[in-house]
Number of protein chains: 2
Amino acid sequence: MATTRQRPAGDTATRILDVAERLVQSRGFNGFSYADIAAELEITTASLHYHFPGKGELGRALIGRYAARFSDALDVIDDELPDALAKLVAYGNLYAAVLREKRLCLCGMLAAEYHTLPEGMREAVLAFFDTNEKWLAHVLREGREAGALRFGGTPEGAARMIVGGLEGAMLVARPYDDVARFEEVVQQLLGGLTINV
Amino acid sequence: MATTRQRPAGDTATRILDVAERLVQSRGFNGFSYADIAAELEITTASLHYHFPGKGELGRALIGRYAARFSDALDVIDDELPDALAKLVAYGNLYAAVLREKRLCLCGMLAAEYHTLPEGMREAVLAFFDTNEKWLAHVLREGREAGALRFGGTPEGAARMIVGGLEGAMLVARPYDDVARFEEVVQQLLGGLTINV
DNA sequence: GTCTATAGGCAGATAGAC
DNA sequence: GTCTATCTGCCTATAGAC
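Presented here is a report on the structure given in the accompanying data block.

Rules and cut-offs
- Here, residues in each chain are numbered from 1, in the same order as that chain's written sequence.
- Going through the entries in the order they are written, you letter the chains from A and number the ligands from 1.
- Only residues with pLDDT of 70 or above have their local features reported here, since the model is predicted, and side-chain atom pairs are shown and tallied only from 80 upward, although totals for entire chains, interfaces and linings are computed over all residues.
- In computing side-chain values, all of the structure's heavy atoms are included and hydrogens and water are not.
- Here a helix means four or more residues in a row that DSSP labels H or I, a strand means two or more in a row labelled E, and each is numbered from the N terminus.
- Contacts between residues were defined by any pair of non-hydrogen atoms, one from each residue, lying within 4.5 Å.
- Take a side-chain nitrogen of Lys or Arg and a carboxyl oxygen of Asp or Glu: if they are within 4 Å of each other, that pair is a salt bridge.
- Partly exposed residues are those whose accessible area sits between 20% and 50% of the maximum for their type, while under 20% is buried and over 50% is exposed, using a 1.4 Å probe and protein chains only.
- Only Phe, Tyr and Trp rings take part, Trp by its six-membered ring, and two of them pair if their centres are within 6.5 Å. Stacked means planes under 30 degrees apart, edge-to-face means over 60, and tilted covers everything else.
- Only when the NZ of Lys or the CZ of Arg is both within 6 Å of the ring centre and within 35 degrees of the ring normal is a charge said to sit over the ring.
- Note: buried area is the sum, over both parts, of the accessible area (probe 1.4 Å) each one loses when the two are combined.
- Least-squares fitting of one copy onto the other uses the C-alpha atoms of those residues that reach a pLDDT of at least 70 in both copies.
- Any helix carries an expected span of 1.5 Å times its number of residues minus one.
- Put simply, a residue is near a molecule or strand once any heavy atom of it comes within 4 Å of that molecule or strand.
- N or O atoms within 3.5 Å of each other form a polar contact, as long as, within protein, one can give a hydrogen and the other can take it, and as long as residues adjacent in sequence are counted only when both atoms are side-chain atoms.
- Here the term charged refers only to Asp, Glu, Lys and Arg, the term nonpolar to Ala, Val, Leu, Ile, Met, Phe, Trp, Tyr, Cys and Pro, and the term polar to all other amino acids, Gly among them.

### Description of the side chain of Thr116 of chain B
Mapped onto the elements, Thr116 of chain B comes out in the loop between helix 6 (106-112) and helix 7 (121-145). Excluding anything up to four places from it in sequence, Thr116 of chain B contacts Arg27 of chain A together with Asn30 of chain B.

### Here we look at the pattern of salt bridges
Summed over the entire model, instances satisfying the criterion amount to 26 salt bridges over all chains. With a closest N to O distance of 3.8 Å, Arg103 of chain A and Glu21 of chain A form a salt bridge. Here Arg103 of chain A, found in the loop between helix 5 (84-100) and helix 6 (106-112), pairs with Glu21 of chain A, found in helix 1 (residues 12-27); they are 82 residues apart in sequence, far enough to count as distant. The pair formed by Arg103 of chain A and Glu21 of chain A is uniform in burial state, with each residue classed as buried. Residue Asp78 of chain B pairs with Lys87 of chain B through a salt bridge whose shortest N-O separation is 3.2 Å. Residues joined by salt bridges that share partners form a network here, namely Asp18, Glu21, Arg65, Arg69, Glu101 and Arg103 of chain A.

### Looking at the packing of aromatic side chains
Scanning the model with the defined rule gives 18 aromatic pairs over all chains in all. On the numbers, 5.4 Å between centres and 25 degrees between planes, the contact of Tyr91 of chain A with Trp135 of chain A is stacked. One end of the pair, Tyr91 of chain A, is in helix 5; the other, Trp135 of chain A, is in helix 7 (residues 121-145), and 44 residues separate them in sequence. This pair shows no difference in class: Tyr91 of chain A is buried, exactly as Trp135 of chain A is. Aromatic rings pair up to connect Tyr66, Phe70, Tyr91, Tyr95, Phe128, Phe129 and Trp135 of chain A into one cluster. Here the basic side chain of Lys55 of chain A rests over the ring of Phe32 of chain A, its NZ or CZ set 4.5 Å away from the ring centre. Positioned above the aromatic ring of Tyr114 of chain B is the side chain of Arg122 of chain B, whose terminal nitrogen or guanidinium carbon lies 6.0 Å from the ring centre.

### Looking at the interface of chain A and chain B
In this assembly, 41 residues from chain A lie in contact with 40 residues from chain B. Together, the buried faces of chain A and chain B total about 3700 Å²; carbon and sulfur atoms form 60% of this surface. Run the count over chain A and chain B and you get four salt bridges. Across the pair Glu184 of chain A and Arg160 of chain B runs a salt bridge, and its minimum N-O distance is 3.3 Å.

### Some points on the relation of the copies chain A and chain B
Each copy superposes on the other: chain A lies on chain B with an RMSD of 0.0 Å after a rotation of 180 degrees and an axial shift of 0.0 Å. Interpreted geometrically, this transformation is the action of a two-fold axis. By residue overlap, the copies meet face to face through one surface: 98% of the interface positions of chain A are interface positions in chain B.

### What about helix 9 (residues 179-191) of chain A?
Helix length check: helix 9 of chain A, at 13 residues, gives a terminal C-alpha distance of 18 Å against a target of 18 Å (1.5 Å per residue), a fit within 8%. If you check which residues of helix 9 of chain A are buried, you get Arg181, Phe182, Val185, Val186, Gln188, Leu189 and Leu190 of chain A. Among the structural elements, helix 5 and helix 8 (155-176) of chain A together with helix 7, helix 8 (155-176) and helix 9 (179-191) of chain B are those in contact with the buried residues of helix 9 of chain A.

### Some details on the protein's contact with DNA strand D
Neighbouring residues of DNA strand D: 18 residues in total, closest Thr44, Ser47 and His51 of chain A together with Ser33 and Tyr34 of chain B. Within 4 Å of the protein, the contacting atoms of DNA strand D are 62% sugar and phosphate, with bases supplying the remainder. Take Tyr34 of chain B: an N or O atom from its main chain is 3.0 Å from a phosphate oxygen of DNA strand D. Looking at the surface near DNA strand D, the elements that each hand over two or more residues are helix 3 (45-51) of chain A together with helix 2 (34-41) and helix 3 (45-51) of chain B. Residue contributions to the surface near DNA strand D peak at four residues, all from helix 3 of chain A. Partitioning the surface near DNA strand D into residue classes produces eight nonpolar, eight polar and two charged.

What follows is the structure, encoded as structure tokens:
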């Protein structure tokens, strides 16, 4: 108990990012305003502009934090799970956890709004997908070489199918408020890659 | 040449829908305004409100027209193509045609913004997905019974994988402005359903 | 049907006091 | 760091003339 703490956890900038992140993932970047964040944190919009001068800066910070967190999760999966299929299942669970909070993947949402995003956010969205596809392609290649996975085409192609499949499954499942619908698709998707179909 | 025709095709309501449809599919429902449509058609926003009292009414009309057009396309596929795999390929081509115009599926875009949509639009979005999944499930079931397709799980589950996979592949491919990326995923996705993998 | 004019609200953003 | 106060612009929408 070194620091005197206000109601919610973290410093102001962190709390702003937390609220903004949830708003973007549930309503979209064009579906919320500084006023929404301010009201929830009981501060003024002027204070928000002190921490993040403009909405574009806030958006870039959001993607940066989200991508770093995701990247850490991939490292943990690599460290803790040996075989390829288990890694893919764990990867799918990352998405399922987001959907359970009635959110979309941050970058999936931003991909939909891509052409309206401020400069700087767009490149960050692409970098997120690039990182994910690269990680998946590596897992898929090793899995196929080890005889644990079977698929036609390149590992990169299969990686893009998985990213697209998971993003799309979230997109469609969320309006139904039905996580089972998502998990069913994941099973179908990964089942097509296992050796014993 | 019965009717005297202005510059663009169709009556005013149709032209409004055409422009609005493109704007929603490229920028999102929260990413355009009546002013955008008015400027493009060189009329005033007041005229827009004459044809569509509010943005919600416009949105509902957009989904209705889009769903009807899509449904017609499915009927054509049923009439013209006999075997299941050909139908699935044709189905994928419907999406590819949209992506080629740098758009998302109208209802895919609206699914992302789902929780910000006016009442009345949400149900229409769900109905669109329901229709598509039902059609796909029928094709998949018949294809499997005829020995043309092979997949684990239920036809409904496989149908949801296809809808999610196509929607997500579009979502991710569009920022890269790369239709080949989309087509690659479609091939991978449908390839997993054919008998000769 | 389309216009001018305008209402009323909310958006992102800034200056300057404390 | 957070506030009050304010600006400018855009948003959806309406009244009423033509």
